[in-house]
Amino acid sequence: FGFLVGTACLLGLTATIARGHRYHHCGHGGYGGGFRGRGFRRGRGRFILNHLMDRLDTTPGQEKVIREAVDTLMDEIYDARRDFRGTRRDIAEVIRAQSLDRGAVEAVFERHDQTIDHVRQSALDAFARIHDTLDERQRRILADIIETGPFGRGFGPFH
C-alpha cells in the first residue's frame, strides 16, 4: 500500500512540475513559460532560476552548468509526463475486460517504475552536477533556500 501511495505522490509531483502554469499567459500570446518542458528556459522558470543564481552569486561558468542540469532534468520530467498519459487508457481497457488481467496492470506499474527510476536518476545526476559546481558558501545558501521554502529568508518576490 505504501508503494502505491508513494508512486501516486511522485506522479502527482511530476505532473505538477511538468504542467507549470499553463494558463498564466498575461496577454503575451501564450508563450508557455513555467515548467512545461523546454518552456522552463523562458518565462517564470527562467525568472526563478535567474533570481536563484543572483542570490547564490554564481559565475558564468557555474550558471552554464546549473542551467544545463536544470534543463536536462526538466526535459526528463516532461518526457515522463508524456509517458504517463497513456495510463488512464490502459487501466480503462483492463476495467472494460470481462476479467481483470493482473498482468496488464503489472505491466503498467512496471512502465511507471522504469519511468520513475529514469527521472530519479536524472534528478540525482542534476543534483550532483549542481553540487559539484557550487562552493561551500553557495551550497549552504541553496540548502537554506530549499529548507525554508521559496519565501523564507529573503528569497522570493518580496526580498
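Everything here concerns the structure above.
What counts, and where the lines are drawn
Here the residue index of a chain counts from 1 through its sequence in written order. In keeping with the model being predicted, local features are shown solely for residues with a pLDDT of at least 70 and side-chain atom pairs are shown and tallied solely at 80 or more, while totals for entire chains, interfaces and linings include all residues. The basis for the side-chain values is all heavy atoms of the structure; hydrogens and waters are excluded. Under the DSSP-based scheme used, a helix requires at least four consecutive residues in state H or I and a strand at least two consecutive residues in state E, with every element numbered from the N terminus. Each residue is placed in one exposure class: buried if its accessible area under a 1.4 Å probe, protein chains only, is under 20% of its type's maximum, exposed if it is over 50%, and partly exposed if it falls in between. Only four residue types enter the tally: Lys and Arg on the positive side, Asp and Glu on the negative side; His and the chain ends are excluded. Here, a salt bridge means any Lys or Arg side-chain nitrogen found within 4 Å of an Asp or Glu carboxyl oxygen. Should any heavy atoms of two residues lie within 4.5 Å, those residues are counted as being in contact. Axis definition: a line fit to C-alpha positions, over the contact stretch in the case of helices; interaxial angles, taken between N-to-C directions, run 0 to 180 degrees. Each angle gets one of four labels, with under 35 degrees taken as roughly parallel, over 145 as roughly antiparallel, 65 to 115 as roughly perpendicular, and the rest as oblique. Crossings are classed by handedness, with left-handed meaning an anticlockwise turn of the near helix from the far one by less than a right angle and right-handed meaning a clockwise turn. Asp, Glu, Lys and Arg are counted as charged, while Ala, Val, Leu, Ile, Met, Phe, Trp, Tyr, Cys and Pro are counted as nonpolar; the rest, among them Gly, fall into the polar class. The nonpolar core is taken to be a set of buried Ala, Val, Leu, Ile, Met, Phe, Trp, Tyr and Cys residues, with the residues joined through side-chain atoms within 4.5 Å. Here the arc refers to the directions that run from the helix axis out to each C-beta atom.

Comments concerning the side chain of Glu 76
Logical step 1: Structurally, the position occupied by Glu 76 is in helix α3 (residues 60-84).
Logical step 2: Buried within the structure, Glu 76 lacks any salt-bridge partner; its nearest side chain of opposite charge belongs to Arg 82, at an N-O separation of 8.2 Å.
Logical step 3: Once residues within four sequence positions are removed from consideration, Glu 76 is found in contact with His 118, Val 119 and Ser 122.

Overview of the packing of helix α4 (residues 87-96) against helix α5 (residues 102-133)
Logical step 1: Running from N to C, α4 and α5 cross one another at 165°; their axes reach a closest spacing of 9 Å. Taken together, α4 and α5 sit at an angle that is classed as roughly antiparallel. For the pair α4 and α5, the crossing hand works out as left-handed. Touching Thr 87, Asp 90, Ile 91 and Val 94 of α4 are Ala 104, Val 105, Val 108, Arg 111 and His 112, all from α5.
Logical step 2: Across the contact of α4 with α5, the residue classes tally to five nonpolar, two polar and two charged.

Details of the pattern of salt bridges
Logical step 1: All told, the structure shown has four salt bridges when counted by the stated rule.
Logical step 2: Residues Arg 89 and Asp 90 are paired through a salt bridge, measuring 3.8 Å at the closest nitrogen-oxygen approach.
Logical step 3: Assessed through its relative accessible area of 52%, Arg 89 is described here as exposed.
Logical step 4: Exposure remark for Asp 90: the relative accessible area of 17% places this residue in the buried category.

Quick look at unusual backbone geometry
Logical step 1: The phi angle at Asp 57 is positive, at roughly 55°, despite the residue not being glycine.
Logical step 2: Inspection of the secondary structure puts Asp 57 in the loop between α2 (43-56) and α3.
Logical step 3: Overall, Asp 57 belongs to the exposed group, its relative accessible area being 53%.

A look at the nonpolar core
Logical step 1: If you look at the biggest cluster of nonpolar residues, it comprises 21 residues, and the most contacted ones within it are Leu 56, Ile 66, Val 70, Ile 130, Leu 134 and Leu 142.
Logical step 2: Where this core is concerned, the elements lending two or more residues are α2, α3, α5 and α6 (136-148).
Logical step 3: Here this core takes eight residues from α3, the largest share from any one element.
Logical step 4: If near-sequence neighbours (up to four positions away) are discounted, Ile 130 is found in contact with Ile 66, Ala 69, Val 70 and Leu 142.

Examining α4
Logical step 1: Regarding α4, the residues found buried are Thr 87, Asp 90 and Val 94. Looking straight down α4, one finds that the buried residues subtend no more than 70° of arc, so they occupy a single side. Exposed residues pointing more than 90 degrees away from the buried face of α4 are listed as Arg 88, Arg 89, Ile 95 and Arg 96.

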